Amino acid sequence: SSAQVQDPKDESQELLQTLEQQLVWNSSWFVKYDGFWFPVRLFKAILSTRKYFKAKETDIILSTMPKSGTTWLKALTFCIVNRDVYIIDENPLLTATPHTVVPFFEYNTYAEQENPDLEHIPSPRIFSTHISFNVLPNSIRESNCRIIYICKNPLDQFISHWLFMLEMKIGKDAKPLAMDEAFDMFCQGNHPFGPFWAHMLGYWNAHLNSPQNVLFLKYEDLKEDITLSIKKIAEFLGFPFSLDEQKQGAIQQISRFCSFEHLSTLEVNKNGNFLGMVKNSSFFRKGEVGD
Ligand code: A3P
C-alpha cells in the first residue's frame, strides 16, 4: 500500500501537522507527542527509532531527562561492562566523549540515518535517550533488555538545564529566557522532554512492574555513595564484581575514572562540541547537589 512505501520524513511531516507545537523555553519549536514535548527537529529521528529499532536481550538503554546525569551514567555503564575489554589506559573514553561512545537514538543514531545497521555493534550495545517511557520503541518494552533511568532533584535539573540552554546555539526564533519565566513553564510541564514528573513516573512505574528490566537511579544517590551505585549497576546488568576484583580496587578505579574531576579535565571533553550545538565542556559544569 502507499502507506508502506511512505518515507518517514513524509510520515513525520504529516503527523506534525496534526500535533500541537510550541516555542518551548523560547529556544526552538517543540511538538507534543503522546503527552511529552519533543524538539520538532528530532521528531523524524524519534519516529524512526520507534519504527526501526530492534532490541536485543543484551541491549542496555540509558534513559534520562536532560541534565540528570546522562554523561556520568554513560561513562560508568561503558566502563562497567567493558572492564575486561580495555585496560584503563586504553579506554576509548580517554579520546572520545561519553556522548560519542554511547550515542543518543534521537540526536545521533537515527538522526544520521533513517534505518542504520546496528547489527555489527558488539554486545552489549549501549544506547541512550531522553524519550519518555511511553514513547520508547515497542521493541524495547517487549524485549528483555535492560533500561537504566537516572533522575535528579527537579530544582537542580531545572537550574542545570536552564544554564545549559543559555550556552546552546539556539534557533532563529529564540531569545534568552529569563529564569522565572523558564521556571513557570517548567512547573506547567512546558519544557524540553517534559513534563518532568510524568517522565519520571513513566520509568518509575516501569521499574515497579519489571524491576529486573528497569533500574531507577537518583543522581543524588550516586553522589552520596558511588561505590554502592557502581555495584548496583553492575549487578543489575549481569556484570557483578567478583570478590577478587573488589579486593583489587576495580570499583574504585571506575569511580575515579568516571569522576567529574577526571572526565572534565580530559582534552576531548574540554574541547570540541556536541553536534555543533553546544561545547563539550558544557556537559561538565559543577557536578554538585543543591546548586
Ligand atoms: P550541573 O549543571 O549541575 O553541574 P547530563 O549529563 O544529563 O547532561 O547532566 C549534566 C549534569 O551532570 C551537569 O550538572 C554536570 O556538571 C553533571 N556531570 C557531568 N559529568 C559528571 C560526572 N562525571 N560526575 C558528576 N556529575 C557530572
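Keep in mind that what you see is a predicted model, and the values were worked out from it rather than measured.

*Asks:* How would you summarise the site of the ligand if you had to cite specific residues and measurements?
*Replies:* Around the ligand, the surrounding shell holds 20 residues, and the nearest of these are Thr70, Thr71, Ser160, Arg285 and Gly287. Looking at the shell around the ligand, the elements that each hand over two or more residues are helix 4 (70-81), helix 8 (154-167) and helix 15 (260-263). Here the shell around the ligand gets 3 residues from one element, more than from any other, and that element is helix 4. When grouped by side-chain class, the residues that make up the shell around the ligand number 7 nonpolar, 8 polar and 5 charged.

*Asks:* Let's hear about the nonpolar core: which residues, and what values?
*Replies:* Judged by nonpolar contacts, the single largest core of 63 residues is most densely connected at Phe38, Ala75, Leu76, Ile148 and Tyr149. Considering every element that reaches this core, the biggest residue donor is helix 4, with 7 residues. With residues up to four places along the chain from it excluded, the contact list for Ile148 reads Ile60, Leu62, Leu73, Thr77, Leu215, Leu217 and Ile233.

*Asks:* Describe the confidence of the model for the chain, naming the residues involved and giving the relevant values.
*Replies:* This prediction gives the chain a mean pLDDT of 94; 95% of its residues lie at or above 70. Predicted complex, confidence summary: ipTM 1.00, pTM 0.95.

Scoring rules and cut-offs
Residues numbered from 1 in each chain as written. Predicted model: local features only at pLDDT ≥ 70, side-chain atom pairs only at ≥ 80, totals over all residues. Near = placed C-beta within 6 Å. Helix = DSSP H or I, 4+ residues; strand = E, 2+ residues; numbered from the N terminus. Nonpolar A, V, L, I, M, F, W, Y, C, P; charged D, E, K, R; others polar. Core = buried A, V, L, I, M, F, W, Y, C linked by C-beta atoms within 7 Å. Buried ≥ 20, exposed ≤ 12 C-beta atoms within 10 Å, placed from the backbone. Contact = placed C-beta atoms within 7 Å. pLDDT = per-residue confidence, 0-100.

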